[in-house]
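An overview of the molecular structure
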Amino acid sequence: MDVTSHLRTALDAAIALANGFGAPWTRGRERVPGDREHDREIASSALLLATWRVPSIEDSVLDEVAAVAVVLYRALGELAGGDEDAAAATVNDLLRRAGAAPTLTRHGDEPWHLHFAAPGADPVLAWLADLVTGVAMLLGSAEVTRLRCCVAQRCDRFFLDATRGRTQRFCATACQNRTKVAAFRARSRADER
């Protein structure tokens, strides 16, 4: 699979959205559900990765975004765990739920490009269809092995390994640093004994 910039941004946004709503732990902090404004910020930040025109997210749409994101997180877990059959079933359900329907679109003088939502769909739900389609395209590709879960303790975030040798183990430098500091402290305590 040739990872186009559109596909890569859709994947990055899908993973960010799934992590934001589905990961129990993020970089050492436990997720505290229920804060509507924080949830709206998570959704907006994820969508901002895919578009510079983030539409306002109404409460009724935010609930759907959160529900899709949690299922998307589960699909990423199935995929990263090697259970492609379960991931395919979950992603197919999400594609139906998001109303994914490939459509060639043009905005003003821009070139034609694909969107994956039916014309007239709610803008936020249309972006969900794009994000879920990005994950579906990853599932059917050789690049699927780049999807990883952070190995740091108290971090359950997924990420795409961007290294040439496919050696990335942490979702962010913060997790790598926390792990190194914990290992250093453990060695120091062992030396004191």
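Residues numbered from 1 in each chain as written. Predicted model: local features only at pLDDT ≥ 70, side-chain atom pairs only at ≥ 80, totals over all residues. Heavy atoms only, no water.

1. Some points on the packing of aromatic side chains
How we decide: Aromatic pairing here means that ring centres of Phe, Tyr or Trp (its six-membered ring) are within 6.5 Å. Orientation follows from the plane angle: under 30 degrees is stacked, over 60 is edge-to-face, and everything else is tilted. By definition, any uninterrupted DSSP run of H or I lasting at least four residues is a helix, any uninterrupted run of E lasting at least two residues is a strand, and each is numbered from the N terminus. Three labels apply to residues, based on accessible area from a 1.4 Å probe with only protein chains included: buried if under 20% of the type maximum, exposed if over 50%, partly exposed otherwise in between.
For the structure on display, the rule yields 1 aromatic pair. Relative to Phe-158, the ring of Tyr-73 lies with its centre 5.0 Å away and its plane at 55°, an arrangement referred to as tilted. Residue Tyr-73 is found in helix 3 (residues 59-80), and its partner Phe-158 is found in strand 6 (residues 158-160); the two are separated by 85 residues along the sequence. Residue classification places Tyr-73 among the buried residues on the basis of a relative accessible area of 14%.

2. What about helix 3?
Put simply, the rule is: One less than the number of residues in a helix, times 1.5 Å, gives the span that helix is expected to have.
Over its 22 residues, helix 3 runs 31 Å from end to end, which matches the ideal 32 Å to within 8%, given 1.5 Å per residue. In the segment just after helix 3, Gly-82 is the residue with positive phi, at about 90°.

3. Some remarks on the packing of helix 1 (residues 5-22) against helix 2 (residues 36-50)
Rules: Structural elements are reduced to axes, namely lines fitted to C-alpha atoms, with helices fitted over the stretch in contact, and the angle between N-to-C directions of any two is expressed from 0 to 180 degrees. Throughout this description, any angle smaller than 35 degrees is read as roughly parallel, any larger than 145 degrees as roughly antiparallel, any in the 65 to 115 degree range as roughly perpendicular, and the remainder as oblique. In this scheme the crossing of two helices becomes right-handed for a clockwise turn of the near helix relative to the far one and left-handed for an anticlockwise turn of less than a right angle. Contacts were defined at the residue level, with two residues in contact if any of their heavy atoms lie within 4.5 Å. Charged means Asp, Glu, Lys or Arg here, nonpolar means Ala, Val, Leu, Ile, Met, Phe, Trp, Tyr, Cys or Pro, and polar covers whatever is left, Gly included.
One can describe the packing of helix 1 onto helix 2 by two numbers: an axis separation of 7 Å at closest approach and a directional angle of 165°. Viewed along their axes, helix 1 and helix 2 adopt a mutual orientation that is roughly antiparallel. For helix 1 against helix 2, the interelement crossing comes out right-handed. Residues Thr-9, Asp-12, Ala-13, Ala-16, Leu-17, Gly-20 and Phe-21 of helix 1 form the contact with helix 2, whose participating residues are Asp-39, Ile-42, Ala-43, Ala-46, Leu-49 and Ala-50. Across the contact of helix 1 with helix 2, the residue classes tally to 9 nonpolar, 2 polar and 2 charged.

4. Focus: empty space enclosed by the protein
Put simply, the rule is: Whether a set of points on the 1 Å grid over the protein atoms alone is a cavity depends on a 1.4 Å probe fitting there but being unable to get out, while an open set qualifies as a pocket with protein on both sides within 12 Å along at least five of seven lines; lining residues are those with an atom within 4 Å of a point. Grid points are joined across faces, edges and corners, and a volume is the space filled by probe spheres set on the points.
For the structure shown, the criterion picks out 1 cavity of 30 Å³ or more. Around the largest cavity, the lining residues are His-6, Leu-7, Ala-10, Phe-116, Asp-130, Thr-133, Gly-134 and Met-137. Secondary structure elements with two or more residues in the lining of the largest cavity: helix 1 and helix 5 (123-139). Looking at side-chain class alone, the lining of the largest cavity contains 4 nonpolar, 3 polar and 1 charged residues.

5. Notes on a nonpolar patch on the surface
What counts, and what does not: Patch rule: a residue counts if its relative accessible area is over 30% and it has no salt bridge; like charges are joined within 9 Å, and nonpolar side chains (Val, Leu, Ile, Met, Phe, Trp, Tyr) within 5 Å. Each accessible area value is a Shrake-Rupley result obtained with a 1.4 Å probe; residue values ignore everything except the protein chains displayed when judging cover. Take a side-chain nitrogen of Lys or Arg and a carboxyl oxygen of Asp or Glu: if they are within 4 Å of each other, that pair is a salt bridge.
A surface patch of nonpolar side chains, about 340 Å² in accessible area, is lined by Leu-104, Trp-112 and Leu-114. On the basis of relative accessible area, Leu-104 is assigned to the exposed category, the value being 56%.

What is shown is where atoms sit, not what they do.
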